[in-house]
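Listed below are the residues making up each chain.
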Amino acid sequence: MPAQFQYVSLANEIQDKIASGQYRAGDRLPSLRKLHARARLSISTVYQAYIELEKRGLVESRNKSGFFVKARLHGEQAAPKLKLVEPVPKPVNVDALAKVIVEKISEPGIINLGGAMPDPSLLPIKQLTRELKSVSGEDMARLLSLYEHPAGSPELRREIVRRTTGTAKRGMVDEVIITQGCLEAVFLCLRAVAKPGDVIAVESPTFHGLLQLIEDLGMKALEIPTDPQTGISLPHLKDAIDRISVEACVFVPTFQNPTGGSMPSEAKEELVELLGERDIPIIEDDIYGDLYFGETRPATLKSFDRRGMVLFCSSFSKTLSSGLRVGWTLPGKFTERVIRMKCNTNISSASLPQHVIAQYLKNGAYERHLRRLRNLLKNNVANMSLALREHFPADAKLTMPQGGMLVWVELDERVDSFEVYKVAEKEGICFLPGLICSTSNRYRNCIRINCGGTLTPKVDQGIALLGQIIKDFQH
Ligand SMILES: Cc1ncc(COP(=O)(O)O)c(C=O)c1O
């Protein structure tokens, strides 16, 4: 074969191995010398093949480290589509079922495709432990003996504003309230803007934790059709708020739970304008916003808000530690009310976790950690998605998230994912069945898969077994 074609056939061979999952996203290709010896080709032919693969967008060279397989999150794969159902306010009744499932997800030893978490090995546990151990005796005495301010540690509030805006602007620091995780932030904001019996608009499907809050607060959920690619359907939302008195909205517009989908920036701006004009507050849950796979962070609803009607909520649970229970909210014009709620609920959040995170943010390590985490999650999502496509029925439709860690799978209408769940659970595999992501039994044939973990051989086998269980239900 002429020399100029040898590099092309080598590139094709490697491309096939990438497509079949033999080489996975994040894997390092063999060194030029190794492959030169193994394939009996000149080093320059191997090098040309790698450059060819780089041109095809399949690998990337990293300074002095070699060539690595790139994560590919685009493809011709069919994606789940928006379910067009007319929004009707409904009392929520998902708590009992969600509790059973969430307890299962926390069991050790299980192949856990159910939680929404990065693999613990991706988190900077050692660095956080170091920060904890370096707290001086004097600081420790103060942190353990005094209540924190109800709005939270001034140091942490400054750091949160500094990392979102570049400077610690006074007005914004005053707006930040530290909470015990993002869910407490949403809980306080919901109580600040609505009361029992009120109608709250949510995405459909949505995060079951938000439905459970609405249920506990005796409110009603109004599900607005949401497309994994284009986000909340603005025509449906507009039509719903024309017909129904909606007191507030709780949306996760960026790397949404459960679909992993995001709303484009222009649609986010339109959404803020539409609801702002009607004086309807939006609680924005942005817990996955920092975990983008692209070049830049997606815009928040908060960034388009000129009226103080967006109550922004987030936490460090998906990026640093869920156990430290540190989240925050910037509730716009409802700040005073939310501080009062926080104070009257539990006085303030624990001071030691706030101190540890503030020190970690101050030394700049957080941004470095986030850059690494995004890269690793992107690889994990690409590899897990490939395994899902390989083992699940060919007509399964998967979302392709551009951030976060969640993939939503729509199965054949005949498959009841809760029945699949019961069989899979006995085999030691856990995932989130779609029916708890809605108040109306709408997503029985859907499942949410956590792709935050590494695709180990054990996880791959678990996905294969789950795929087989689903296929059995289909026949
Ligand atoms: C959208 C969303 N909001 C809130 C939470 C809970 O966050 P936290 O643990 O910080 O309370 C989760 C956890 O999965 C989530 O997915």
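Since the model is a prediction, treat every value here as computed from it, not as a measurement. (Residues numbered from 1 in each chain as written. Predicted model: local features only at pLDDT ≥ 70, side-chain atom pairs only at ≥ 80, totals over all residues. Heavy atoms only, no water.)

### A word on the side chain of T45
Among the secondary structure elements, T45 is positioned in helix α3 (residues 43-55). Looking at T45, the relative accessible area reads 6%, which means it is buried. (Helix = DSSP H or I, 4+ residues; strand = E, 2+ residues; numbered from the N terminus. Buried < 20%, exposed > 50% of the residue type's maximum accessible area, 1.4 Å probe, protein only.)

### A few points about the pairing of strand β12 (residues 327-330)
Side chains G327 and T329 of β12 all project onto a buried face; the interleaved residues W328 and L330 project onto the opposite face, where all are buried too. Taken together, the 3 bridges between strand β5 (residues 177-179) and β12 define a ladder with antiparallel strand orientation. The residue bridging T179 from the neighbouring strand is G327, located in β12. (Pairing = 2+ DSSP bridges.)

### Some thoughts on the pattern of salt bridges
In total, this model carries 21 salt bridges according to the counting rule given. Close ionic contact of E52 with R56 constitutes a salt bridge, the shortest N to O distance being 2.9 Å. The buried category is assigned to E52, whose relative accessible area is 17%. Residue R56 is classed as partly exposed on the basis of its relative accessible area of 28%. Close ionic contact of R163 with E367 constitutes a salt bridge, the shortest N to O distance being 2.7 Å. You can see R163 sitting in helix α7 (residues 154-165) and its partner E367 sitting in helix α15 (residues 365-391), a full 204 residues away along the chain. On the basis of relative accessibility, which here comes to 23%, the residue R163 falls in the partly exposed class. By relative accessible area, which is 32% here, E367 ends up partly exposed. (Salt bridge = Lys/Arg side-chain N within 4 Å of Asp/Glu carboxyl O.)

### Considering the packing of aromatic side chains
In the structure shown here, the tally under the stated rule is 8 aromatic pairs. Ring centres 5.7 Å apart and planes at 75° place the aromatic pair F316 and Y366 in the edge-to-face group. Of this pair, F316 sits in the loop between β11 (310-315) and β12 while Y366 sits in helix α15, placing them 50 residues apart in sequence. Y366 shares its class with F316; the two are buried. (Phe/Tyr/Trp six-rings, centres within 6.5 Å; stacked < 30°, edge-to-face > 60°.)

### Things to note about the nonpolar core
Counting 111 residues, the largest nonpolar core has L113, F316, F392, I449 and L466 as the members making the most contacts within it. With 10 residues, α15 is the largest single contributor of residues to this core. In this structure L466 touches L113, F392, V420, A424, I429, F431 and I449, once residues within four positions along its chain are discounted. Membership of the second largest hydrophobic core comes to 23 residues, among which are C249, M263, I282 and V310. (Core = buried A, V, L, I, M, F, W, Y, C linked by side-chain atoms within 4.5 Å. Contact = heavy atoms within 4.5 Å.)

### Quick word on the packing of helix α16 (residues 417-426) against helix α17 (residues 457-474)
At a minimum axis separation of 10 Å, α16 and α17 run at an interaxial angle of 135°. In this view, α16 runs oblique relative to α17, as classed from their interaxial angle. Regarding α16 and α17, the two cross each other, and that crossing is right-handed. For the pair α16 and α17, the contacting residues are E419, V420, V423 and A424 in the first and L466, I469, I470 and F473 in the second. Split by residue class, the contact of α16 with α17 holds 7 nonpolar, no polar and 1 charged. (Axes fitted to C-alpha atoms, helices over the stretch in contact; angles between N-to-C directions. Parallel < 35°, antiparallel > 145°, perpendicular 65-115°, else oblique. Left-handed = near helix turned anticlockwise from the far one by under 90°. Nonpolar A, V, L, I, M, F, W, Y, C, P; charged D, E, K, R; others polar.)

### A short note on helix α13 (residues 335-346)
With 12 residues, α13 ought to run about 16 Å at 1.5 Å a step, and its terminal C-alpha atoms sit 17 Å apart, in line with that. Here α13 has its buried residues at T335, V338, I339, M341 and K342. Along α13, the residues classed as buried sweep out an arc of 160° about the axis, all on the same side. More than 90 degrees from the buried face of α13, the exposed residues found are E336, R340 and N344. I347 sits one or two residues past α13 and shows a positive phi near 65°. (Expected span 1.5 Å × (residues − 1). Arc of directions from axis to C-beta.)

### Quick look at the packing of helix α4 (residues 95-105) against α16
At a minimum axis separation of 13 Å, α4 and α16 run at an interaxial angle of 35°. In this structure, α4 meets α16 at a crossing whose hand is left-handed. Mapping the contact onto sequence places L97, V100, I101 and K104 in α4 and F418, Y421 and E425 in α16. When its residues are assigned to classes, the contact of α4 with α16 shows 5 nonpolar, no polar and 2 charged.

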